[in-house]
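So the chains spell out like this:
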Amino acid sequence: MAVLLKRLLHPRRPPAALGRPLGRREASLDTHAGAAVRVRFAPSPTGFLHLGGLRTALYNYIFAKKHRGSFILRLEDTDQTRLVPGAAENIEDMLEWAGIPPDESPRRGGPAGPYLQSQRLALYAQATEALLKSGAAYPCFCSPQRLELLKREALRNRQTPRYDNRCRSLSEAQVAQKLAKDPKPAIRFHLEGEAPAFQDLVYGWNRHEVASVEGDPVILKSDGFPTYHLACVVDDHHMGISHVLRGSEWLVSTSKHLLLYQALGWQPPRFAHLPLLLNRDGSKLSKRQGDIFLEHFAAAGFLPDALLDIITSCGSGFAENQMGRTLPELITQFDLTRVTCHSALLDLEKLPEFNSRKVSFFKPHPLPWGRRWSGLEMPAAGRSLGFPGRLHLRRLVSDETQRRQLVGKLQALVEEAFGSQLQDRHVLDAAYVERIILLRQGHICRLQDLVSPAHSYLWTRPAVGRAQLGAVSEKVDVIAKRVLGLLEGPGMSLTQDMLNGELKKLSEGLEGTKHSNVMKLLRVALSGQLQGPPVAEMMLSLGPKEVRERIQKVLSS
């Protein structure tokens, strides 16, 4: 840097564009017709990916796919002091988990790499050299102590802190003298002249006269790393980015970036600033909130589709605000012109409902167990079970390949949750596990729910004593023997409705015993719990052999 600055010492001339100046029409960010759509998600690996970042990535992804373009992941790791170990890997891992993998990235590579800013320092130095040559930038020798005093003085006077542009007016001799003592100064961009107006695709026409309210910004730090302002302009240019979709917090800085494009003689991309994603109470999402990181939702068993659904349903960009859209539907229906300026309020308390919508959409199909108990009557596709319209998980269950994957995941969860407690490892059989998913899908929000204490009876036999049943009804033996007789009846295909009818008849034949007490006794005998699914469903879940064994065990206790 010192050699470069010494080479550039010459009489100063006012800042000028390296190419032809941009006119008002070009400043409105019109792009060439027919140019390929290329967008980028450019987070800083100073933390793991959270819902706010996911939303920005998703809007970039669906915009790119809608226009048959490319979605690029670029990691802005220039602030080396704040990097979090593992964050870069986590960001790409979570994008892949969410089903929106980048087309180009540090991991995947691509024609515009490298995709880590720390590996692109030569490009920033080249752009800085061009700006220094044109007089659009200058070295700054102000110490951190002086800059801190400026800040304190402004705050004491209740003013917005800003650099006073002191080093802008240094003579050639003064620069040479200071370079001898400080060969690695920071480089500042000379803010001068009227900022170009631009038409944001969300916020409309904008112009921010940054030169009148801000000091000249640092674009290259003394360690050779760029600041965001220079890096994003250089990278977007060299990567051929056609549209920049980013958070609205960068709207004010866009005029500054356009001045950099103008000084470098480059055509800027089009800009669309997305309104913020806020908590339900209107507060900002914060990395200090442990429950907003994607890793949290993945570990808790929430489906990627549910997260994509909830972060788009609470915002704008679609003709209708609805729940249950799949990723292909989000791509088809997304319309950038429908994104409004209003912040989106995220209500995470609704996430279980969104997740359950992703679990339980199915078309009627036979359940895979035994001849006698295989005729479960399935509700018509699209009917509500528990939460209304459980669409997303329903789609997974309705697809045979994805259902097999759910079976494998649930087998692993059961093994992890119960392990040595499993008295009968046949509960890990794929057919049994699939049966449980099909029967319970309308009542769960996550697969993890099926290994909760409320569902432990599906995997382990409860310790139920005869005394517990006697407290419910004095006719324990009579009820138990009649249920055993029902199980030994002539071969027939029992559905849940049929089984309910048989249990109702059984109760009616017991004088002085309410049907509710019969159901309560059977529920305790089968699950050890006073509350739970309908008894008929419990019996269908467990199968006739296991129901018989549990009842006989209670009778012999």
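Residues numbered from 1 in each chain as written. Predicted model: local features only at pLDDT ≥ 70, side-chain atom pairs only at ≥ 80, totals over all residues. Heavy atoms only, no water.

A. Here's a closer look at the confidence of the model for the protein. For the protein, the average pLDDT comes to 84, and 84% of its residues sit at 70 or higher. Counted against residues more than four places away or in other chains, residues 10-31, with its pLDDT under 50, gives 59 contacts. (pLDDT = per-residue confidence, 0-100. Contact = heavy atoms within 4.5 Å.)

B. Geometry of the pairing of strand β8 (residues 243-247). Counting buried positions along β8 yields five of five residues, so the element is predominantly enclosed. Relative to strand β9 (residues 270-274), β8 runs parallel, the two sharing five bridges. Counterpart to Leu245 in the pairing with β9 is Ala272. Handedness of the crossover is the feature at issue here: the chain leaves β8, passes through helix α10 (residues 254-264), returns alongside β9, and the resulting connection is right-handed. (Buried < 20%, exposed > 50% of the residue type's maximum accessible area, 1.4 Å probe, protein only. Helix = DSSP H or I, 4+ residues; strand = E, 2+ residues; numbered from the N terminus. Pairing = 2+ DSSP bridges. Right-handed = clockwise from strand over helix to strand, strands pointing away.)

C. Just the packing of helix α20 (residues 496-508) against helix α22 (residues 535-542), in detail. Relative to each other, α20 and α22 sit at 120°, their axes nearing to 9 Å. Between α20 and α22, the angle is such that the two are oblique. Pair α20 / α22 crosses with right-handed handedness. Seen from α20, the contacting residues are Gln496, Leu499, Asn500 and Leu503; seen from α22, they are Val535, Ala536, Glu537, Met539 and Leu540. Residue classes in the contact of α20 with α22 are distributed as six nonpolar, two polar and one charged. (Axes fitted to C-alpha atoms, helices over the stretch in contact; angles between N-to-C directions. Parallel < 35°, antiparallel > 145°, perpendicular 65-115°, else oblique. Left-handed = near helix turned anticlockwise from the far one by under 90°. Nonpolar A, V, L, I, M, F, W, Y, C, P; charged D, E, K, R; others polar.)

D. Inspection of the packing of aromatic side chains at higher detail. In total, this model carries seven aromatic pairs according to the counting rule given. Ring centres of Tyr59 and Phe334 lie 5.2 Å apart, and the angle between their planes is 75°; this geometry places the pair in the edge-to-face category. Of this pair, Tyr59 sits in helix α3 (residues 51-66) while Phe334 sits in the loop between α13 (327-333) and β11 (344-346), placing them 275 residues apart in sequence. Summarising the aromatic geometry, the rings of Tyr432 and Trp459 are spaced 5.8 Å apart at their centres and angled 85° between planes, so their arrangement reads as edge-to-face. Taken together, the positions of Tyr432 in helix α17 (residues 430-440) and Trp459 in the loop between α17 and α18 (466-470) put the pair 27 residues apart, joining distant regions of the chain. Each member of the pair, Tyr432 as well as Trp459, carries the same accessibility label: buried. Feature note: the residues Tyr59, Phe318 and Phe334 constitute an aromatic cluster, connected by ring pairs. The ring of Tyr59 carries the charged tip of Arg55 above its face, separated from the ring centre by 5.2 Å. Over the aromatic face of Phe318 sits the side chain of Arg325, whose NZ or CZ is 4.3 Å from the ring centroid. (Phe/Tyr/Trp six-rings, centres within 6.5 Å; stacked < 30°, edge-to-face > 60°. Lys NZ or Arg CZ within 6 Å of the ring centre and 35° of its normal.)

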